[in-house]
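Now for the letters of each chain:
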Amino acid sequence: MAMEPPGAKVIGVARHRLATDGDGVTTLVAFHGCPLRCRYCLNPQSLAGDGRFKEYTPESLYGETRIDELYFLATNGGITFGGGEPCLRHGFICEFRRLCGQEWHINLETSLNVSSDCIVSLLPVVNTLIIDIKDMNPDIYRCYTGQSNDLVIDNLRVIAAFGRQADCIIRIPLISNYNTDADREASRKALEALGFTRFDLFIYQIRKH
């Protein structure tokens, strides 16, 4: 696996989030960069040119976020890494865990469309994975994201092999013009067959341009 650069571009750091992306009070750190090109991208800044975004090292991010440590410890909260695709910054996140210790919770908001090596390296340091699965049907997935979901399926099996299904929240959206309630039910059943039990079914709110 290629070495990551020491720093990472971050499109935003949002403090004092409650019950939106993990337990307790969290700080959302959104990384730049994503392997997908979703038709209704919910965070298009992650695909913009990276020249205008701040670059952090694990040390500088820890220095900025530790101001809220009392909130994290009192509420069982911590850091939620999103994006973009945070798993592309697996080395950064592993080093951040070393710096913050084990008492902060670390959550990932991920599509899982990354190398399985990334997931294997992150499982020991992450408490919760919030997985936006899009749809388990490969044709629907490719039509919506422009990519295959082969890596996603592989990584779901990796997570299951590690017995971490209970630590995952699987988001199964209803995407206008791309899938149906029947498709979502088929996705849920396929995921249940792998041992996943925690699901968040919702409707993408499409932004009008």
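Keep in mind that what you see is a predicted model, and the values were worked out from it rather than measured. (Residues numbered from 1 in each chain as written. Predicted model: local features only at pLDDT ≥ 70, side-chain atom pairs only at ≥ 80, totals over all residues. Heavy atoms only, no water.)

Participant: What is the right way to read the overall build of the chain from this model?
Facilitator: From N to C terminus, the chain includes 7 helices and 8 strands. In terms of C-alpha radius of gyration, the chain reaches 17 Å, essentially the compact-globule figure of 17 Å for 209 residues. Along the longest, intermediate and shortest principal axes, the C-alpha atoms of the chain span 45 × 40 × 35 Å. Counting over 209 residues, the chain shows a buried share of 45%. For the chain, the share of sequence-separated contacts (at least 6 apart) that also reach a separation of at least 24 residues comes to 69%. By element, 52% of the accessible surface of the chain is carried by carbon and sulfur atoms, the whole surface being about 10,100 Å². Averaging the locations of the 22 positively and 25 negatively charged side chains of the chain gives two centres separated by 4 Å. (Helix = DSSP H or I, 4+ residues; strand = E, 2+ residues; numbered from the N terminus. Rg over C-alpha atoms; globule rule 2.2 N^0.38 Å. Buried < 20%, exposed > 50% of the residue type's maximum accessible area, 1.4 Å probe, protein only. Contact = heavy atoms within 4.5 Å. Areas by Shrake-Rupley, 256 points an atom, 1.4 Å probe, with all protein chains shown as cover. Lys, Arg positive; Asp, Glu negative; His and termini not counted. Charge placed at Lys NZ, Arg CZ, Asp CG, Glu CD.)

Participant: Help me understand the side chain of Arg97 in this model?
Facilitator: With respect to the helices and strands, Arg97 occurs in helix α3 (residues 90-100). Salt bridges are absent for the buried Arg97, whose nearest opposite-charge side chain, Glu103, sits at 9.1 Å. Residues contacting Arg97, with those up to four places away along its chain left out, are Gln102, Trp104, His105, Ile106, Val125 and Asn127. (Salt bridge = Lys/Arg side-chain N within 4 Å of Asp/Glu carboxyl O.)

Participant: Can you walk me through the packing of helix α1 (residues 58-65) against α3 in this structure?
Facilitator: Two quantities define a packed helix pair, namely the angle between the axes and the distance from one axis to the other. One can describe the packing of α1 onto α3 by two numbers: an axis separation of 9 Å at closest approach and a directional angle of 50°. The orientation of α1 relative to α3 falls into the category oblique. The crossing of α1 and α3 is right-handed. In this structure, α1 uses Pro58, Glu59, Leu61, Tyr62 and Thr65 to contact α3, whose residues at the interface are Phe92, Glu95, Phe96, Leu99 and Cys100. Residues belonging to the contact of α1 with α3 are distributed by class as follows: 7 nonpolar, 1 polar and 2 charged. (Axes fitted to C-alpha atoms, helices over the stretch in contact; angles between N-to-C directions. Parallel < 35°, antiparallel > 145°, perpendicular 65-115°, else oblique. Left-handed = near helix turned anticlockwise from the far one by under 90°. Nonpolar A, V, L, I, M, F, W, Y, C, P; charged D, E, K, R; others polar.)

Participant: How do you make sense of the packing of aromatic side chains when you look at a structure like this?
Facilitator: One pair of aromatic rings is described through two measures. These are the centre distance and the angle between the planes. Evaluated as defined, the whole model comprises 12 aromatic pairs. When the centroid spacing of 5.6 Å and the interplanar angle of 10° are considered together, the rings of Phe31 and Phe81 count as stacked. With Phe31 in strand β2 (residues 25-31) and Phe81 in strand β4 (residues 78-82), this pair connects stretches of sequence that are 50 residues apart. Taken together, a centroid distance of 6.1 Å and an interplanar angle of 80° make the contact between Tyr62 and Phe96 edge-to-face. Taken together, the residues span a long stretch of sequence, with Tyr62 in helix α1 and Phe96 in helix α3 at a distance of 34 residues. Of the residues examined, Tyr62 reaches a relative accessible area of 14% and is grouped as buried. One aromatic cluster is present, built from ring pairs that chain together Phe31, Tyr62, Phe72, Phe81, Phe92, Phe96 and Trp104. (Phe/Tyr/Trp six-rings, centres within 6.5 Å; stacked < 30°, edge-to-face > 60°.)

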